[in-house]
Each structure stands twice: as C-alpha cells, then as structure tokens.
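Overview (structure and organization)
Residues per chain are reported as follows:
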Amino acid sequence: MAEHGRPFLGLSRHNMKDYLVRRLRPGGGTRPELLLLEDRGVQAVVKDYLPTGILLRALVGPWLISREEHIYRTLDGAPGVPGLIGRIDRWALAVEHIEGRSCADFPDGSLPPKFFERLREVVGGIHARGIVHCDIKNRANIVVTEDLQPYLVDFASAFSREGAPGPLRRFAFERFRVDDLRAVVKARILVGRIGDEADADFAFRHGAAERAVRAVRDAARWIFKRLAGG
C-alpha cells in the first residue's frame, strides 16, 4: 500500500496493483504494457517491457528503459514534458500522467494558432537541453490539455546530443532536430489548417540526407520487431 510522504514513494513491481486504476494498453511483441496508477490524487503512467517478447524483454527492454529514464532526467522541469516519477525495476518506469486528448483526435482546423506557437516553444525547449523527440510526426505523442497546453509524451525514440563526440552524432542530432520542427509545421498545416506554400515545402519535402537517416532508424525498428516476434 501507499507509504506516507510523496505520492508513489515505495512503488515497486510487487505493489503496483495497489495503485492500479486501469490498463491503458496491453503489452506484447514490441509493445510495452501501459498502466494508469493513482496515489493520493496524483496519477502516473507506467511503461513496462516485462510483458513484451522474450528477446526484446531480455536484450533490449532494460536498455530502452534506461535510455528513457535518462531522457526524462535531462528534461526535468522542461515545459510541456511529463515529470519522471521513477524507475520501478529493469523493465519499467513511471512518469506523470497528463490529462488531456491526443492531438490526433482533434478534427482538422480545430486547434488555434496559439497552440502551435506553444508547441514550437516546447520543442525548442527540449532541443535546448540536447534532446530531440524523433516521433512528433505521430500526433498521438502530442497531448492537448483542456486549456490547450501541449505536452510531448513517449520519449522511447528520443535521441540525445550527449555521448560519443564526433561529426556523425552532431549530424544526426541536427537532422532529427529539423525532423521535429518539420513535424510541428506538418501538424499545424494538417490539424490547424495554418500555413503557406513555404511551410508546405518545408513540411513535406525531404532531402537525400534525411531519407538516409530515416532509413537507418526504420531498419533499427524493424530489427527490434523481429527480435520481439512482432
């Protein structure tokens, strides 16, 4: 059961069921299980790789959780990013639950220009901390709160500027940074119905360098799926 003090203090694999509100998504293959927990009015989302395919669970899941934990720690306090509640074990971590609707659920033209200005500021804020999201094009990863504040969720694909130095990492970071910005403009055009010809050219035209980087990323995802039996 919950301990005295801050919410979710003492959260573990063994007592998660004491906080469970509902399962948001079952796990299996390459998909981690998502659980909604609550403690004293505070809600959290748990991402758990234990229910995934055996090879992914054994070889990749702990590494993915470690990466994502590092990303959330790097972004601690950044506007528009859920707070990290904590690592549960090798396979699972908990982050702040953001109440809202997926940007993907909004009809075309229903979000105002101000929302996309705020989204651009959120994306610029994570870039300033050396993190690129790499999956903003999936508008399910943009949560819209009731007062139209944007939040970015699911940093499993994120890339950090930290690590081994060299031109390749700097090149990759810059390409992914532009990809994040392109995804914001694309969402503004498709969902906000806001943009001109120059915006459309930036959002939908991809150069050879970016296509190469995307091919490498997609190949890595394909390998993960095969490992997991997905």
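Look above for the structure.
Conventions used here
All chains use their own residue numbering, which begins from 1 and follows the written sequence. At least 70 in pLDDT is required for a residue's local features to be given in this predicted model, at least 80 for side-chain atom pairs to be given and counted, and no such filter applies to totals for whole chains, interfaces and linings, which use all residues. Excluded from the side-chain calculation are hydrogens and water; included are all heavy atoms of the structure. Where helices and strands are cited, they refer to DSSP runs of H or I of at least four residues and of E of at least two residues respectively, numbered from the N terminus. Each residue is placed in one exposure class: buried if its accessible area under a 1.4 Å probe, protein chains only, is under 20% of its type's maximum, exposed if it is over 50%, and partly exposed if it falls in between. Should any heavy atoms of two residues lie within 4.5 Å, those residues are counted as being in contact. Using a 1.4 Å probe, accessible areas were evaluated by the Shrake-Rupley method; residue-level cover was limited to the displayed protein chains. Two strands are counted as paired when DSSP detects at least two bridges linking them. Axis definition: a line fitted to C-alpha atoms, limited for helices to the stretch in contact. Angles are taken between N-to-C directions and run from 0 to 180 degrees. Within 3.5 Å is the distance limit for a polar contact, defined as a pair of N or O atoms, with the added protein rule that one can donate a hydrogen and the other accept it, and that residues adjacent in sequence qualify only through two side-chain atoms. We count a salt bridge whenever a side-chain nitrogen from Lys or Arg sits within 4 Å of a carboxyl oxygen from Asp or Glu.

A word on the overall build of the protein chain
- Counting secondary structure elements, the protein chain contains 5 helices and 10 strands.
- Taking all 230 residues of the protein chain together, 43% fall into the buried category.
- Nonlocal contacts in the protein chain, meaning residues at least 24 apart in sequence, comprise 62% of its contacts between residues at least 6 apart.
- Summed over its atoms, the accessible surface of the protein chain is roughly 11,900 Å², and 56% of this surface lies on carbon and sulfur atoms.

Brief notes about the sheet that holds strand 3 (residues 42–48)
- Strands sit in the order 1-2-3-5-4 across an open sheet of 5 strands; the sheet is antiparallel. Edge positions in the open sheet fall to strand 1 (20–25) and strand 4 (84–89), since each of these has one partner strand only. Each strand axis lies, on average, 25 degrees off the axis of its neighbour in the sheet, ignoring direction.
- Summarising the sheet, strand 4 and strand 5 (residues 92–96) pair through 4 bridges and their orientation is antiparallel. Looking at the pairing, Asp-89 lines up with Ala-92 of strand 5.
- Strand contacts of helix 1 (residues 54–74): strand 3, strand 4 and strand 5, with the helix running at about 160 degrees to strand 4, the strand carrying the most contacts.

Quick look at the environment of Ser-110
- If you trace the backbone, Ser-110 turns up in the loop between strand 6 (101–102) and helix 2 (113–128).
- In sequence terms Ser-110 and Val-191 are 81 residues apart; their C-alpha atoms lie 6.9 Å from each other.
- Among the polar contacts listed, one links the side chain of Ser-110 to the backbone oxygen of Pro-107, at a separation of 2.5 Å.

So, the pattern of salt bridges
- Here the structure, examined in full by the defined rule, presents 11 salt bridges.
- A salt bridge links Arg-73 to Glu-69, with the nearest nitrogen and oxygen atoms 3.2 Å apart. On the criterion of helical spacing, the pair formed by Arg-73 and Glu-69 is a turn pair, its members being 4 residues apart in helix 1.
- Among the residues examined, Glu-69 registers a relative accessible area of 13% and is labelled buried.
- For Arg-177, the salt bridge identified is with Glu-174, shortest N-O distance 2.7 Å.

Examining the environment of Val-122
- Here Val-122 shows up in helix 2.
- Along the backbone, Val-122 and Val-81 are 41 residues apart, and their C-alpha atoms lie at a distance of 8.0 Å.
- In this structure Val-122 touches Pro-79, Gly-80, Pro-150 and Leu-152, once residues within four positions along its chain are discounted.

What to know about the sheet that holds strand 6
- One open sheet accounts for 3 strands, arranged 6-8-9; its pairing is antiparallel. Unpaired on one side and paired on the other, strand 6 and strand 9 (150–152) mark the two borders of the sheet.
- The pairing of strand 8 (residues 142–144) with strand 9 spans 3 bridges and is classified as antiparallel. Within strand 9, the position partnered with Val-144 by the bridge is Pro-150.
- Contacts between helix 2 and the sheet are confined to strand 8 and strand 9, with strand 9 contributing the most and set at about 35 degrees to the helix.

A closer look at unusual backbone geometry
- Residues other than glycine seldom take positive phi values, yet Phe-8 does so here, at roughly 65 degrees.
- Judged by relative accessible area, which is 4%, Phe-8 ranks as buried.
- Of note, the phi angle at Arg-40 is positive, near 50 degrees, even though the residue is not glycine.
- Turning to its location among the elements, Arg-40 is positioned in the loop between strand 2 (33–39) and strand 3.

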